[in-house]
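An overview of the molecular structure
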Amino acid sequence: MTTVLVVKGHPLTKENSRTLKTLDTFLTHYQQNNPEDTIEWLDLYQTDIPEIEEVFLGARKKLMQGTSLEELSEKEQEIMAQSTTLLNQFLKADKIILANPLWNLTIPSRVKDWFDAIYVTGKTFKYTENGPVGISDIKKSLHIQSNGGIYQGQDFGSSYVKASFAFMGIPEHHQLFIEGIDYTPDQETTILANAQEEAKKLAKIF
């Protein structure tokens, strides 16, 4: 059985988000094509996502130096538990779907914090004499992102997401953009309709 992890990196709902409208269309058709697959959700705005700060860095360093989890402070254990939960959820998935907006030229901070939690040496990548190598067993990833402007995949946000999934060894990555509505608001209906059609096509091959 295939497990698909859907990561919602948007605080809004599908009623008022271009990204989530398109995600909903994709999932509806994906489930029609793959009724046996299990869909799991991770809402980054309804989940405690640890951020990289002093306690987080200190706890990770202690664990890397051989300190046991039980020897960490209560706060350090709490942060590491949150990070481990996110990591394990990621590792058990076969496919990943990330949906987020482009804000101020990049991804929302919650999405960056999520990536920081799942970047773990020996779990999602390893260092070799030839440099870092991804070791994730996830087969496919899909990034859905709404952009007010037109970037065609050259923006910092989608570039970071693509590089991050590749870094962890995911061999097949797809991108779906809803872009240009802020530039040409009179074309909103057409742009959204085109994105929905692209979502339906991707749902057949993902």
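Residue indices follow the written sequence of each chain, beginning from 1 at its first position. At least 70 in pLDDT is required for a residue's local features to be given in this predicted model, at least 80 for side-chain atom pairs to be given and counted, and no such filter applies to totals for whole chains, interfaces and linings, which use all residues. To obtain the side-chain values, all non-hydrogen atoms of the structure were included, while hydrogens and water were left out.

Some remarks on the UniProt feature "binding site: FMN" (unreviewed entry) in the protein
UniProt positions are given in the numbering used here, feature names are shortened, and annotations may be inferred rather than shown by experiment. Following the UniProt record, one finds the feature "binding site: FMN" (unreviewed entry) at S146, N147, G148 and G149. Starting at the N terminus, helices and strands are each numbered in turn, a helix being any DSSP run of H or I of at least four residues and a strand any DSSP run of E of at least two. With respect to the secondary-structure elements, S146 resides in strand β6 (residues 140-147). Each residue touching S146, except ones within four places of it in the same chain, is listed here: R18, T19, N100, P101, L102 and I178. Within the structure, S146 has its side chain in polar contact with the side chain of T19 (distance 2.6 Å). With respect to the helices and strands, N147 occurs in strand β6. Partly exposed describes any residue whose relative accessible area lies between the buried limit of under 20% and the exposed limit of over 50%, with all areas from a 1.4 Å probe on protein chains only and scaled to the type maximum. Judged by relative accessible area, which is 0%, N147 ranks as buried. The criterion used for residue contact is that any of the two residues' heavy atoms lie within 4.5 Å. Contact partners of N147, with chain neighbours within four places excluded, come to L102, D155, F177, I178, E179, G180 and I181. For the purposes of these results, a polar contact is taken to be a pair of N or O atoms within 3.5 Å, where, inside protein, one atom must be able to donate a hydrogen and its partner to accept one; residues adjacent in sequence count only when each atom of the pair is a side-chain atom. There is a polar contact of 2.7 Å between the side chain of N147 and the side chain of Q145.

Remarks on the pairing of strand β5 (residues 131-134)
Alignment of strand β4 (residues 125-128) against β5, held across 4 bridges, turns out to be antiparallel. Along β5, the bridge assignment pairs F125 with G134. Two strands are counted as paired when DSSP detects at least two bridges linking them.

Structural notes on the UniProt feature "domain: Flavodoxin-like fold" (unreviewed entry) in the protein
Those places that UniProt annotates as "domain: Flavodoxin-like fold" (unreviewed entry) correspond, in this numbering, to residues 3-201. Structurally, residues 3-201 is divided into 41% helix and 22% strand, and its ends, taken at the C-alpha atoms, are 20 Å apart.

Describing unusual backbone geometry
One non-glycine residue, L105, lies in the positive phi region at around 80°. By the secondary structure assignment, L105 is in the loop between β3 (95-101) and α4 (109-118). Unusually for a residue other than glycine, Q152 sits at a positive phi of about 55°. Relative to the helices and strands, Q152 is located in the loop between β6 and α5 (156-167).

Some points on the packing of helix α1 (residues 18-33) against helix α6 (residues 188-205)
The convention used is that axes are lines fitted to C-alpha atoms, helices contributing only their stretch in contact, and that angles between N-to-C directions extend from 0 to 180 degrees. Packing of α1 against α6 leaves a shortest axis separation of 8 Å and a crossing angle of 30°. Classified by the interaxial angle, the pair formed by α1 and α6 is roughly parallel. In this structure, α1 crosses over α6, and the sense of that crossing is right-handed. Residues R18, K21, T22, T25, F26, H29, Y30 and N33 of α1 form the contact with α6, whose participating residues are L192, A195, Q196, A199, K200, L202, A203 and K204. Split into classes, the residues belonging to the contact of α1 with α6 amount to 7 nonpolar, 5 polar and 4 charged. For classification, angles of less than 35 degrees are called roughly parallel, those exceeding 145 degrees roughly antiparallel, those between 65 and 115 degrees roughly perpendicular, and all remaining angles oblique. The sense of a crossing depends on the near helix, which, turned anticlockwise from the far helix by less than a right angle, makes the crossing left-handed and, turned clockwise, makes it right-handed. All residues other than Ala, Val, Leu, Ile, Met, Phe, Trp, Tyr, Cys, Pro, Asp, Glu, Lys and Arg, Gly among them, are scored as polar; the first ten of these are nonpolar and the last four charged.

Brief notes about the pattern of salt bridges
In the sections that follow, a salt bridge refers to a side-chain nitrogen of Lys or Arg positioned within 4 Å of a carboxyl oxygen of Asp or Glu. Taken as a whole and assessed by the stated rule, the structure comprises 8 salt bridges. A salt bridge links D43 to K8, with the shortest nitrogen-to-oxygen separation between them at 3.6 Å. Of this pair, D43 sits in strand β2 (residues 38-43) while K8 sits in strand β1 (residues 3-8), placing them 35 residues apart in sequence. The exposure classification of D43 matches that of K8, with both residues buried. Where D24 meets K14, a salt bridge forms, and the shortest distance between an N and an O atom there is 3.5 Å. Pair noted here: D24 is in helix α1 and K14 is in the loop between β1 and α1, with a separation of 10 residues, a long-range link.

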